[in-house]
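Fold and contact review
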Amino acid sequence: QLQASGGGLVQAGGSLRLSCAASGRTFSRYAMGWFRQAPGKEREFVAAIKWSGGSTYYADSVKGRFTISRDNAKNTVYLQMNSLKPEDTAVYYCATDRAPYGTKWSEEVSYNYWGQGTQVTVSS
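A brief report on the enclosed structure follows. All values reported here derive from a predicted model rather than from experimental measurement. (Residues numbered from 1 in each chain as written. Predicted model: local features only at pLDDT ≥ 70, side-chain atom pairs only at ≥ 80, totals over all residues. Heavy atoms only, no water.)

Concerning the side chain of Ser-19
Rules: In this description a helix means any DSSP run of H or I spanning at least four residues, a strand means any run of E spanning at least two, and both kinds are numbered starting from the N terminus. By the convention used here, residues are in contact when the closest approach between their heavy atoms is within 4.5 Å.
Inspection of the secondary structure assignment puts Ser-19 in strand E3 (residues 16–22). Ignoring anything within four residues of it in the chain, the contact list for Ser-19 reads Gln-3, Ala-4, Ser-5, Trp-34, Thr-76, Val-77 and Tyr-78.

Observations regarding the state of the cysteines
This is how the line gets drawn: Cysteine sulfur atoms are paired as a disulfide whenever they come within 2.5 Å of each other. Residue exposure (1.4 Å probe, protein chains only): buried if accessible area is under 20% of the type maximum, exposed if over 50%, otherwise partly exposed.
For the structure shown, the criterion picks out one disulfide. Disulfide pairing is shown between Cys-20 and Cys-94; the S-S distance is 2.0 Å. In this structure, the disulfide formed by Cys-20 and Cys-94 twists by about 55° around the S-S bond and is classed as right-handed. Pair noted here: Cys-20 is in strand E3 and Cys-94 is in strand E9 (residues 90–97), with a separation of 74 residues, a long-range link. Residue class for Cys-94 comes out buried when judged on its relative accessible area of 0%.

Considerations on unusual backbone geometry
In most cases, non-glycine residues show a negative phi, while peptide bonds are predominantly trans. Positive phi, close to 55°, is recorded for Asn-75, a residue that is not glycine. Turning to its location among the elements, Asn-75 is positioned in the loop between strand E7 (66–71) and strand E8 (76–81). Positioned with a positive phi, Tyr-101 is a non-glycine residue whose angle comes to about 55°. With respect to the helices and strands, Tyr-101 occurs in the loop between E9 and strand E10 (111–114). The class for Tyr-101 is partly exposed, based on a relative accessible area of 45%.

Structure follows, in C-alpha cells:
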C-alpha cells in the first residue's frame, strides 16, 4: 500500500515536499518512482530511485529542480520540488517497481503499482 501526501497550493517559484509511505512489501528491495498527471494529459514519469538510494533518474522537465530520496528505515520516499512552475500542476503519484532489485528501475514500464495521488497546484 502506498500513501502519498504533501501536496498543496503554492506560488510559482515556491517549494513543496511530497512523501510516500509504503507498507506491505519489503520496501528496501524495490525501486520507487514518482509520476504525475495533469488534466487532459498523459501520465508522466517524473523521477525514480533505486532500491539502495544510490542512483536516481529524472525527467528532463524536472531535472535540476526536483530531488527524489528515500529513507528505507521509515519505508518512505520523498520528492523535494523547488522552483515550481505552473506547468508542474498535476496529481502526483508514487509507485513501486514490479520486481525486487529490478534492473529496469529507470524505465516507466517497470512500475506496476501506484498509490493514491496528491494534488499539486502552482499558481502564476
